[in-house]
Amino acid sequence: MTEWTNSHHLALTVTREGHTIPVFMAVSSLSLSALQVQLGRFLHPEERAVSKGAEQHHYLLGRHAAKLAAVDFTGVAANNIRIRPGVFGQPVLSCPGYSNLQVSITHSAGSAMAVVFPEAHPMAVDIELLDGDRFLPPLTPAEAALIAPLSYTSEEQTYLLWTAREALSKVLRTGFTTDLELFNVKSVAMNGSFMVAEFQHFLQYKAISWIAGNMACSLVVPQRSQVDMAALQTLTSQVS
Ligand SMILES: CC(C)(COP(=O)(O)OP(=O)(O)OC[C@H]1O[C@@H](n2cnc3c(N)ncnc32)[C@H](O)[C@@H]1OP(=O)(O)O)[C@@H](O)C(=O)NCCC(=O)NCCS
């Protein structure tokens, strides 16, 4: 098993129709004890009431990654930035001086990833540990045929498309409360070491998916936006 051994944050260059969209991303894989030591530095006072054990670790990892990205975006101290769940569980970011800033958070198996972006340019992230013992709904026959020629194991194929769907469900704010068929993928193509998937019903989005160590990762962005893939590689390059 390989794991992220560090935390990283960077500016992700995203361009669209000649304009640059400010986007910041972070990953965190700190231990629960390391996070607890610096709680006061990165949690807003209203974020302190958290549960215990693995759930607490996931929560703190997600908030830590989100704050790393949000501080890079705003320059505001992490403990002045508040992220609270909205009515559908979606993270709602409040930051002094900023009114249209959003965040997407994901955590899995001791790591978390977050992306902070302007409301005008919706985005979302999802990561999942590649876990052969976990049951995931199978790919549709059409999806299986699309992805078969790509050089992934069948486990990687399943997880890459699962994270792509899950990230789409976060952009839409529904999560998986709807028919999964709505998130079906209609095309996949390789761009370097990244898989770019388009959706059957949500043509305005695409998923950029990749394998980083023992994780499948997806970033969903508006279809016509261009993302600096090298930065994504750098972000997760500590996976060894
Ligand atoms: C939203 C959902 C796709 C998240 O996927 P997951 O693999 O469980 O978890 P991840 O770690 O990738 O993501 C969790 C983060 O998603 C975000 N999130 C939760 N609900 C969201 C929504 N409706 N829209 C966008 N983001 C959401 C939160 O930031 C959450 O982290 P936080 O609670 O620490 O802030 C999934 O939980 C889901 O489908 N939820 C809808 C069904 C539901 O509400 N079930 C109840 C729990 S069984």
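None of these values were measured; they are calculated from a predicted model. (Residues numbered from 1 in each chain as written. Predicted model: local features only at pLDDT ≥ 70, side-chain atom pairs only at ≥ 80, totals over all residues. Heavy atoms only, no water.)

1. Brief notes about the overall build of the protein
Next up, step 1: Each helix and strand counted, the protein has 6 helices and 14 strands in total.
Next up, step 2: Its C-alpha atoms give the protein a radius of gyration of 17 Å, near enough to 18 Å, the size a compact globule of 240 residues would have.
Next up, step 3: Counting only C-alpha atoms and orienting by the principal axes, one finds that the protein spans roughly 50 × 40 × 35 Å.
Next up, step 4: When the 240 residues of the protein are sorted by exposure, 50% land in the buried category.
Next up, step 5: Long-range contacts, defined here as pairs at least 24 residues apart, represent 56% of the contacts in the protein between residues at least 6 apart. (Helix = DSSP H or I, 4+ residues; strand = E, 2+ residues; numbered from the N terminus. Rg over C-alpha atoms; globule rule 2.2 N^0.38 Å. Buried < 20%, exposed > 50% of the residue type's maximum accessible area, 1.4 Å probe, protein only. Contact = heavy atoms within 4.5 Å.)

2. Observations concerning the domain arrangement of the protein
Next up, step 1: As assigned here, the protein comprises domain 1 (1–119) and domain 2 (122–224).
Next up, step 2: Taking the mean C-alpha position of each, domain 1 and domain 2 sit 22 Å from one another.
Next up, step 3: At the interface, 26 residues of domain 1 touch 19 residues of domain 2.
Next up, step 4: Between domain 1 and domain 2 the total buried area reaches about 1,800 Å² when both faces are included, carbon and sulfur atoms providing 62% of it. (Domains from an automatic or database assignment. Buried area = accessible area lost by both parts, 1.4 Å probe.)

3. Looking at helix α3 (residues 53–74)
Next up, step 1: Over its 22 residues, α3 runs 31 Å from end to end, which matches the ideal 32 Å to within 8%, given 1.5 Å per residue.
Next up, step 2: Gly75 lies just past α3 and shows a positive phi near 80 degrees. (Expected span 1.5 Å × (residues − 1).)

4. Digging into the pattern of salt bridges
Next up, step 1: Inspection of the entire model under this criterion finds 6 salt bridges.
Next up, step 2: Two residues, Glu128 and Arg134, come together in a salt bridge whose shortest N-O distance is 2.8 Å.
Next up, step 3: Overall, Glu128 belongs to the buried group, its relative accessible area being 9%. (Salt bridge = Lys/Arg side-chain N within 4 Å of Asp/Glu carboxyl O.)

5. Focus on unusual backbone geometry
Next up, step 1: Although it is not a glycine, Ala109 adopts a positive phi angle of roughly 45 degrees.
Next up, step 2: Tracing the chain through its elements places Ala109 in the loop between β7 (101–108) and β8 (111–118).
Next up, step 3: Here Ala109 falls in the partly exposed class, since its relative accessible area comes to 43%.
Next up, step 4: Phi at Arg173 is positive, roughly 70 degrees, even though this residue is not glycine.

6. Some details on helix α5 (residues 154–171)
Next up, step 1: For α5, spanning 18 residues, the distance from its first C-alpha to its last is 26 Å, which sits close to the expected 26 Å at 1.5 Å a residue.
Next up, step 2: When you tally the buried positions in α5, you get 15 out of 18 residues, the bulk of the element.
Next up, step 3: Following α5 by one or two positions, Arg173 has its phi on the positive side, about 70 degrees.

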